Each structure stands twice: as C-alpha cells, then as structure tokens.
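Residue strings, one per chain:
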Amino acid sequence: MLRQSTFKQLPRSLGSAAKAATRTPGAGASRRTFLSPPRSQPNEHLNRLDVNKLSEQQIKYARNRRAFLWTGLFCSVSSMIYAGYLIKLELQKPVQADSSLPSTDPLAGTNAAERKVVVRDEEGHELVPTGNSTVPTFPRTLSLGSFEGAIAPGGASGLATTITGADKIEYTLVGFGLRTVTFVGIQVYVVGYYVATADVASLQSALTKKVNPIATTLVPGERDQLRTDLLDHTKGEELWDGLLANGIPARSVFRVIPVRDTDFHHLRDGFVRAIQARAGKVGDENFGEAMKHFRQIFNRGKVPAKKELLLIRDGEGKLSVVYDDGGNKKEGRPAGRQLVGTVDDERVSRALWLNYLAGKKVASEPARKSIVEGIMEFVERPVGTVASQVV
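Note that the structure is predicted; figures quoted are calculated from it, not measured. (Residues numbered from 1 in each chain as written. Predicted model: local features only at pLDDT ≥ 70, side-chain atom pairs only at ≥ 80, totals over all residues. Heavy atoms only, no water.)

**A short note on the overall build of the protein chain**
Cut-off, in case you're wondering: The way it works is that DSSP assigns letters per residue, a run of H or I at least four long becomes a helix, a run of E at least two long becomes a strand, and they are numbered from the N terminus. Burial classification: accessible surface area is computed with a 1.4 Å probe over protein chains only, and a residue below 20% of its type maximum counts as buried, one above 50% as exposed, and the rest as partly exposed. Here a residue-residue contact requires only that any non-hydrogen atoms of the pair lie within 4.5 Å. Each accessible area value is a Shrake-Rupley result obtained with a 1.4 Å probe; residue values ignore everything except the protein chains displayed when judging cover.
What the protein chain contains, in helices and strands, is ten helices and 14 strands. Buried residues in the protein chain amount to 36% of all 391 residues. Of all intrachain contacts in the protein chain linking residues separated by at least 6 positions in sequence, the fraction that spans at least 24 positions is 67%. Surface summary for the protein chain: the accessible area is close to 23900 Å², and the carbon and sulfur share equals 55%.

The structure is reproduced here in structure tokens:
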C-alpha cells in the first residue's frame, strides 16, 4: 500500500521539478500584482531619452547664461562709469578751507589754485611750468632790446640782423596755452602772452575802469564780472579791440614755441586765416599791401621743434617778427634772436592779437583762459602797484 502511493506521487514530483528547471532566473522573487509597477526591461531608460529635447534644453541654458553674464558686465561697467562721474563732479567743486586771510586777499579767492607756479632753474631764472613734455617751461619774464639792421631776403637761411643790448624792455608773462588742430587734437605749439612790465599799470587801469570807473582795484564780484566779459565771444572781442586800437597795452609779445617740426609756410597760413577772419571788411589798398608784405616775411623754410618765434607789437602797433634758430656757422648766421621782418600797419597786428585774446574761435582756448586769469591777477591789486608779480 505504501509503495503504491509512493509511485503515484513520483510523476507529480518529476513534473514539478521539470517546471522548476524551465523557470527563468529570479523566478523565486515575489510575483507581480495588479498594484506593482511594471517591470523595466534592460536599457529601457536609454530608449526613453529624447536627443532633440536635450539639445534644446542645453541651448536654452547657454543662452540664458550668456544673457546673465552680459547683463552683469554691463551693470558693472555702468556703475564704475557713474561712480567715476560722481567723483569728478566732487573734485570739481571748489573747496573753501578755513583761512584767516581777508576776502580781498588774492590768495583767499576760489581761483587761487589756478595761479601760475614759478620755479627757478640752476641759474636762478624764474620759469613757469607749462605742463607740456616738449616745452616744459616758459620764462616768467622776457628782456628784449631793439632790433636794428638790414633784413636779409627771404629764404630758409635769410636771417641777418643785429640786436642792441641797450634800453632793453622787460615783458611779464600773462598767460599761456597749447594750440591744437583737427578733431584729434594734434599739438602744434605752445604760445605765451607777455606785456611790457611798465605798461601793466595802464592795462590794469583801463580794465578796472571798464567795470568800475571810480575804482583803483576790483573786489571779487567785480572781478567775476570782468572775467565773464572777457570770456564772452562778443564782449571780449569788443573790449580787446578797443584797448588795442588805443594802444593798450602799448607793448606786448606773443612767444610761439613749436612742439613738433613745422615750417614758416604752415604758420603763415594759420596767421593769415586768422587776420582775414577778423579784418575781412578792411579792403583798402594799404591793408592789402601790408598783408602782402606779411606773407613775404614767412616765405622761409623749416621751423624745428623748440625753436622760438616772437611776434612783437610796439606802441604804434607795428609788428616785428623775430626768430631764433640757434644759428648756423656754415651759413654765417649768428646765434640768438634775429629780426625776420616788420609790418607797419597797426590793423595787421591787432587782428593777429585778437586771434589769441578774444572772439568765437581763438587759436588756443587754453591760452585765452590762462590770459584772462592772468588779467585777474592784475586787476585785484591797486593800480600802480607791482602788478607784474606772479603768485
């Protein structure tokens, strides 16, 4: 009975074993129910990737990142520029420090910092720094004698005359500045305006009377009014034209020092245009001959950098052109200042002077402003005092 039941169970056991042998690996794990998530097949997550979508996401990320970076850069640069602008405005504001000086003292004014600084060289000569590397200084005073002798004909080497040492005239520097041309500001020369020291009192008195007829010196408010008039295009030209026509100042000099190699023709063209612009309505024969002679004076050669050219106006308005090229022994030219030529017509020198002193367009705006500040140093002192002192 036992054997029979045993044999009856054997096929069933063998069938179960065969079924177990055919099961896949891992069949012993828990079976899936209707609540279990679907089983993932090998590499199924790779099949779900969308390459186009990932590419668009990367492009969008890069675009946003680039936009944020440019925005940050723009904000940083803008803030730096704005901060620099605010600092500049603060630095330009006048600072009035505590001082025991009276308000009428020249050093107590708001423009005291703009006054010329005087230094001395090894020989004790007083020099005024120009701020230019090629022409670093200008002499505070010039001592010029009378130029006499026959003038050599034009040409590159046509300089021959003598200078007398007696009765020299001292000229005091009023102001100076750099002349530039074209919109890029090419530097041409440094020009300084000198007035005969003995004639400063007459210039001082005339300008003072223009503002206050009964005053001998100007108070700060009156000086500001005079400065405004001198810097005004119309009023300034009328004021200087009237003074020069009446011989005030009687004797003055413009000292021209090129900062780069140039020539007389280039300087002549600039001077002629300036004269014609201010004396264009003058068309008489005498003025035409004077201008013709003026052109002939500059019919010469080169003017190297750092060489001195003087434009001198005397009490009658006669213009004298003096040049110092350092001399040349081979060509027989002595060293020192030599007379190039003269023009007797007063209108020529007056128009040339106005080219630097006043008008809508001047040869050098820095020079005009510096000259005006130099004038302010004169009129703030009583008439007849040592007005030529440069603080």
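**Re the pattern of salt bridges**
In plain terms, the rule: Salt bridges are identified by distance alone: a Lys or Arg side-chain nitrogen within 4 Å of an Asp or Glu carboxyl oxygen.
Under the definition given, this model contains 14 salt bridges. Between Arg223 and Glu380 there is a salt bridge; the shortest N-O distance is 3.8 Å. Here the residue Arg223 occupies a position in helix 5 (residues 220–231), and Glu380 occupies one in the segment after helix 10 (365–379), the gap between them amounting to 157 residues. Residues Arg223 and Glu380 agree in their burial class; the two are buried. In this structure, Arg268 engages Asp269 in a salt bridge whose closest nitrogen and oxygen atoms are separated by 3.5 Å. Using a relative accessible area of 34% as the deciding quantity, one classes Asp269 as partly exposed. Here the residues in one salt-bridge network are Asp241, Arg313, Glu346 and Arg350, joined through shared partners.

**Things to note about the UniProt feature "transmembrane region" (unreviewed entry) in the protein chain**
For clarity, the threshold we go by: UniProt positions are given in the numbering used here, feature names are shortened, and annotations may be inferred rather than shown by experiment.
With numbering matched to this structure, UniProt assigns "transmembrane region" (unreviewed entry) to residues 67–87. Helix makes up 100% of residues 67–87 and strand 0%, with an end-to-end C-alpha separation of 30 Å.

**Observations concerning the pairing of strand 9 (residues 252–258)**
Using the following cut-off: A pair of strands counts as paired when DSSP detects no fewer than two bridges linking them.
Counting buried positions along strand 9 gives seven out of seven residues, so the element sits mostly inside the fold. Burial along strand 9 is two-sided: the face carrying Ser252, Phe254, Val256 and Pro258 and the face carrying Val253, Arg255 and Ile257 are both buried. The sheet contact formed by strand 8 (residues 186–196) and strand 9 spans seven bridges and is antiparallel. Within the sheet, the bridge partner assigned to Val190 lies in strand 9 and is Ile257. Two elements, strand 9 and strand 12 (residues 308–313), share five bridges in a ladder whose sense is antiparallel. Pairing of Arg255 across the sheet is with Leu310, part of strand 12.

**Overview of the sheet that holds strand 2 (residues 126–129)**
Pairing is antiparallel in the open sheet, where three strands are placed in the order 1-2-3. Looking at strand neighbours, the two that pair on one side only are strand 1 (119–120) and strand 3 (137–139), the edges of this open sheet. Across three bridges, strand 2 lies against strand 3 in antiparallel orientation. Opposite Pro129, over in strand 3, you have Thr137 as the bridge partner.

**Some details on helix 8 (residues 285–297)**
Selection criterion: Here the expected length of a helix is defined as 1.5 Å per residue gap, with one fewer gap than residues. The directions considered for the arc run from the helix axis to the C-beta atoms.
For helix 8, which comprises 13 residues, the first-to-last C-alpha distance of 19 Å matches the rise-based estimate of 18 Å (1.5 Å per residue) to within 8%. The set of residues buried in helix 8 consists of Phe287, Ala290, Met291, Phe294 and Ile297. End-on view of helix 8: buried residues confined to an arc of 110°, all on one side of the axis.

**Looking at the confidence of the model for the protein chain**
Condition: pLDDT is a residue-level measure of predictor confidence that goes from 0 to 100.
This prediction gives the protein chain a mean pLDDT of 78; 72% of its residues lie at or above 70. Mean pLDDT values for the elements of the protein chain range from 49 in helix 1 (residues 2–21) up to 95 in strand 9. The low-confidence segment residues 6–10 (pLDDT under 50) makes zero contacts with residues lying over four places distant or belonging to another chain. Long-range and interchain partners of residues 152–160, a stretch whose pLDDT sits below 50, account for 26 contacts in this model, where long-range means more than four residues apart.

**Examining unusual backbone geometry**
In this structure, Pro249 follows Ile248 across a cis peptide bond, with omega equal to -10°. As for its position among the elements, Pro249 is in the loop between helix 6 (233–245) and strand 9.

**Remarks on a nonpolar patch on the surface**
Under the convention used in this document: Only residues whose relative accessible area exceeds 30% and that form no salt bridge are eligible for patches; like-charged ones are grouped when within 9 Å, while nonpolar side chains (Val, Leu, Ile, Met, Phe, Trp, Tyr) are grouped when within 5 Å.
A cluster of nonpolar side chains, namely Trp70, Leu73, Val77 and Ile81, defines an oily patch on the protein surface of about 440 Å² accessible area. Along the chain, Ile81 falls in helix 3 (residues 51–92).

**Focus on the packing of helix 5 against helix 10**
Here is the rule we go by: As a rule, the C-alpha atoms of each element are fitted with a line to give its axis, helices using only the stretch in contact, and angles between N-to-C directions run from 0 to 180 degrees. With respect to orientation, any angle under 35 degrees is reported as roughly parallel, any angle over 145 as roughly antiparallel, any angle of 65 to 115 as roughly perpendicular, and every other angle as oblique. The hand of a helix crossing depends on one turn: near helix anticlockwise from the far one by less than a right angle means left-handed, and clockwise means right-handed. In this classification, the charged set is Asp, Glu, Lys and Arg, the nonpolar set is Ala, Val, Leu, Ile, Met, Phe, Trp, Tyr, Cys and Pro, and all remaining amino acids, among them Gly, are polar.
Contact pair helix 5 / helix 10: the axes reach a minimum separation of 10 Å and the direction vectors enclose 150°. Taken together, the axes of helix 5 and helix 10 lie roughly antiparallel to each other. Here the hand of the crossing between helix 5 and helix 10 comes out right-handed. The residues of helix 10 that touch helix 5, namely those facing Arg223, Leu226, Arg227, Leu230 and Leu231, are Arg368, Lys369, Val372, Glu373, Ile375, Met376 and Val379. A per-class count over the contact of helix 5 with helix 10 returns seven nonpolar, no polar and five charged.

**Some points on the pairing of strand 4 (residues 141–144)**
In strand 4, alternate side chains face the same way, and those of Leu142 and Leu144 are buried while those of Thr141 and Ser143 on the opposite face are not. As judged from the four bridges shared by strand 4 and strand 7 (residues 169–181), these two strands associate in the antiparallel manner. Paired with Leu144 across the strands is Ile169, a residue of strand 7.

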